[in-house]
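Residue strings, one per chain:
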Amino acid sequence: MWFLTNIYEKMAAKPWACAIDIVLAALLIYGMIVFLKRNNAGKLIAFVLVFVAAGIVLSSEFMDLPVIGSIMRYGIIIVVVVIVFVFPAETKRGLLKLASPRDTHEQYTTAYGASDEELHAAINDIVRAAQNMSKKNVGALIIISTQNLPEHIIDSGTKLDAVLSCALLESIFNTKAPLHDGAVFVRGNRIVAAGCFLPLSQSNAIDKELGTRHRAGIGVSENYNVLTIIVSEETGVISIAQHGELTRYFDSQMLTDKLEQTYGLQATPESTRKHHRRKGD
Amino acid sequence: MNKQKQESAKKPNGFVRLLKNIFVHNIGWKLLSIVSAAVIWALAAGLL
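What you see is a predicted model, and the numbers here were worked out from it, not measured in a lab.

J.: In this structure, what is going on with the overall build of chain B? I would like to understand it.
T.: The helix and strand tally for chain B stands at three helices and zero strands. Starting at the N terminus and walking to the C terminus, you meet the elements of chain B as α-α-α. The proportion of buried residues among the 48 residues of chain B is 21%. Counting every atom, chain B has about 3,600 Å² of accessible surface; 67% of that belongs to carbon and sulfur.

Below, the structure is given as structure tokens:
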């Protein structure tokens, strides 16, 4: 009862101050949510909110816990320090964007905004482009993502936001084109960016014959929930990296099945069985 | 060219876009922020 009485007294004494306090807190929390979502760390949202609420309860006079209370009282400083250490590049970029807010409204949503037919057409174009580049021994690195990639990866390349087509993909990876030396980031039926630089995998288990392109493809799939299509420049072999694992020797049908799975256009178990059967052949 | 004109005519003007940004875009996360802020404020006001 005293809990409700306290709240009532505070609201009755300074109602405007209470409203401003809640609005500012909501803005702060929304900013934190946007920052975490954009950097693929959405899972931390619940943790941070529970941490703040627990901090308030444990540091209250009612609980009377001097040690935990003191730790929690300084919890916000700990959270800020952890964010700065865990996301140094993102923090720096965020501060720079605050200073120059020209394109702050730009963001990438997880919704594809494309019909099933358009997604099927995009899959056909990706498969055809991969096959053509494989035949000509042109290296390619295509990231298919159902979620957001961190902005610093997208910003390391050139933003395109163009409708995906076979000709466009082949043009990007043409060895004389300026954007060929990097990854293309595809979401839905759109090419979001090209020429992106990716984190390289540090794994020792990767075959020494595989070059930097494969290492980059595996590296990005280790860190983020993406499917990476890699076409080898030396052999023309089409490989796929997902969850840090590389599967090689994909033909057009296997690639189509995998992409349809990824885009949610096909039931998973049947196509997975088909893949295993083919891999065993 | 005509298609481009049609597309640009379909685009909402600045004020509508601002309203959409405030009340439609990411509304779930905005509501979560407000509810979380209210809960945290109530905890702080009631306990501290």
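Still more to cover.
J.: What exactly am I supposed to notice about the packing of helix α1 (residues 2–13) of chain A against helix α3 (residues 27–47) of chain B here?
T.: How two helices pack is summed up by the angle between their axes together with the distance between the axes. α3(B) packs onto α1(A) with a crossing angle of 100° between their chain directions and a minimal axis gap of 7 Å. Of the possible angle classes, the one that applies to α1(A) and α3(B) is roughly perpendicular. Contacts between α1(A) and α3(B) involve A:Trp2, A:Phe3, A:Asn6, A:Ile7, A:Lys10 and A:Met11 from the first element and B:Trp41, B:Ala42, B:Leu43, B:Ala44, B:Ala45, B:Gly46 and B:Leu47 from the second. A per-class count over the contact of α1(A) with α3(B) returns ten nonpolar, two polar and one charged.

J.: Could you clarify how one ought to interpret the interface of chain A and chain B in this entry?
T.: By a widespread convention, an interface's size corresponds to the accessible area lost as its parts come together. Across the boundary between the two partners, chain A contributes 27 residues, which contact 19 residues of chain B. Roughly 2,100 Å² is buried in total at the junction of chain A and chain B, and carbon and sulfur atoms are behind 77% of that figure. Looking at the side of chain A facing chain B, the largest losses of area belong to A:Ile22, A:Tyr30 and A:Ile56, adding up to 25% of the total buried there. Our count for the contact surface shared by chain A and chain B stands at zero salt bridges. Summed over the shared surface of chain A and chain B, the number is four residue pairs in polar contact (both at pLDDT 80 or more). Elements represented by at least two residues in the side of chain A that touches chain B include exactly α1, α2 (15–38) and α3 (44–58) of chain A.

J.: Explanation requested: the pairing of strand β3 (residues 183–187) of chain A in the structure shown.
T.: All names here are of chain A. By the criterion of burial, β3 is predominantly enclosed, with five of the five residues buried. Where burial is concerned, the two faces of β3 agree: the one with Ala183, Phe185 and Arg187 and the one with Val184 and Val186 are both buried. Alignment of strand β1 (residues 140–145) against β3, held across three bridges, turns out to be parallel. The residue of β3 that forms the bridge with Ile142 is Val184. Judged from the four bridges that link them, β3 and strand β4 (residues 190–196) form a sheet pairing that is antiparallel. Counterpart to Ala183 in the pairing with β4 is Cys196.

J.: Would you take a moment to explain the pairing of β4(A) for this structure?
T.: Walk down a regular strand and you will see the side chains alternate between the two sheet faces. All names here are of chain A. For β4, the buried fraction is high: six of the seven residues fall into the buried class. Here four bridges tie strand β2 (residues 158–163) to β4, and the two strands are oriented antiparallel to one another. Residue Lys159 lies in a different strand from β4, and its bridge partner there is Ala193. Where β3 folds back on β4, the antiparallel hairpin that results is connected by two residues, among which Gly188 adopts a positive phi of roughly 65°.

J.: Just to check I follow, could you spell out α3(A) for this structure?
T.: Because an α-helix completes one turn every 3.6 residues, residues spaced three or four positions apart along the sequence face the same direction. Over its 15 residues, α3(A) extends 20 Å from the first C-alpha to the last, a length consistent with the 21 Å expected when each residue adds 1.5 Å. Every buried residue of α3(A) is accounted for by A:Ile45, A:Val48, A:Leu49, A:Ala53, A:Gly55 and A:Ile56. For α3(A), the angular spread of buried residues about the axis comes to 155°, placing them on one side. Along α3(A), exposed side chains directed more than 90 degrees from the buried face belong to A:Phe47 and A:Val50. On its buried face, α3(A) sits against α2 and α4 (66–73) of chain A together with α3 of chain B.

J.: Is there a simple way to think about the pattern of salt bridges in this case?
T.: Close approach of charged atoms lets side chains of opposite charge pair. Residue and element names in this part refer to chain A. For the structure on display, the rule yields five salt bridges over all chains. Its salt-bridge partner being Arg128, residue Asp125 comes within 2.8 Å of it at the nearest N-O pair. Here the residue Asp125 and the residue Arg128 both occupy positions in helix α7 (residues 116–135), the gap between them amounting to three residues, near one helical turn. Asp125 gets classed as buried once you look at its relative accessible area, which sits at 13%. In this structure, Arg213 engages Glu233 in a salt bridge whose closest nitrogen and oxygen atoms are separated by 3.4 Å. In this pair, Arg213 is assigned in helix α10 (residues 212–223) and Glu233 in the loop between β5 (226–231) and β6 (238–242), connecting sequence segments 20 residues apart. The class for Glu233 is partly exposed, based on a relative accessible area of 36%.

What counts and how
Note that residues are indexed from 1 along each chain, following the sequence as it is written. Here chains are named by letter from A upward and ligands by number from 1 upward, in the order in which they appear as written. Whole-chain, interface and lining totals are the exception, using all residues; otherwise, since this is a predicted model, local features are given only for residues with pLDDT of at least 70 and side-chain atom pairs are given and counted only at 80 or more. Water and hydrogen atoms play no part in the side-chain values, which are based on all heavy atoms of the structure. Secondary structure counts use DSSP, requiring at least four H or I residues in a row for a helix and at least two E residues in a row for a strand, with both numbered from the N terminus. Only protein chains enter the calculation, and the probe is 1.4 Å; a residue is then buried if its accessible area is under 20% of its type maximum, exposed if over 50%, and partly exposed in between. Each accessible area is a Shrake-Rupley estimate made with a 1.4 Å probe; only the visible protein chains count as cover when residues are assessed. Between the N-to-C directions of two axes lies an angle of 0 to 180 degrees, each axis being a line fitted to C-alpha atoms and, for a helix, fitted only over the stretch in contact. In this scheme, roughly parallel covers angles under 35 degrees and roughly antiparallel covers those over 145, while 65 to 115 is roughly perpendicular and the rest are oblique. Contacts are residue-level and defined by heavy atoms, with any inter-residue pair within 4.5 Å sufficient. In this count, Pro and Cys sit with the nonpolar residues alongside Ala, Val, Leu, Ile, Met, Phe, Trp and Tyr, while Asp, Glu, Lys and Arg are called charged and the others, Gly among them, polar. For any pair of parts, buried area is found by adding up, for both, the accessible area (1.4 Å probe) each one loses once the two are put together. Think of a salt bridge as a Lys or Arg side-chain nitrogen and an Asp or Glu carboxyl oxygen that are within 4 Å of each other. Contacts described as polar in this section are N or O atom pairs within 3.5 Å, which, within protein, must combine one atom able to donate a hydrogen with one able to accept it, while residues neighboring in sequence count only if both atoms come from side chains. Two strands qualify as a pair provided DSSP detects at least 2 bridges between them. A helix's residues, less one, multiplied by 1.5 Å, set its expected span. Throughout, the arc means the angular range of directions from the helix axis out to the C-beta atoms.

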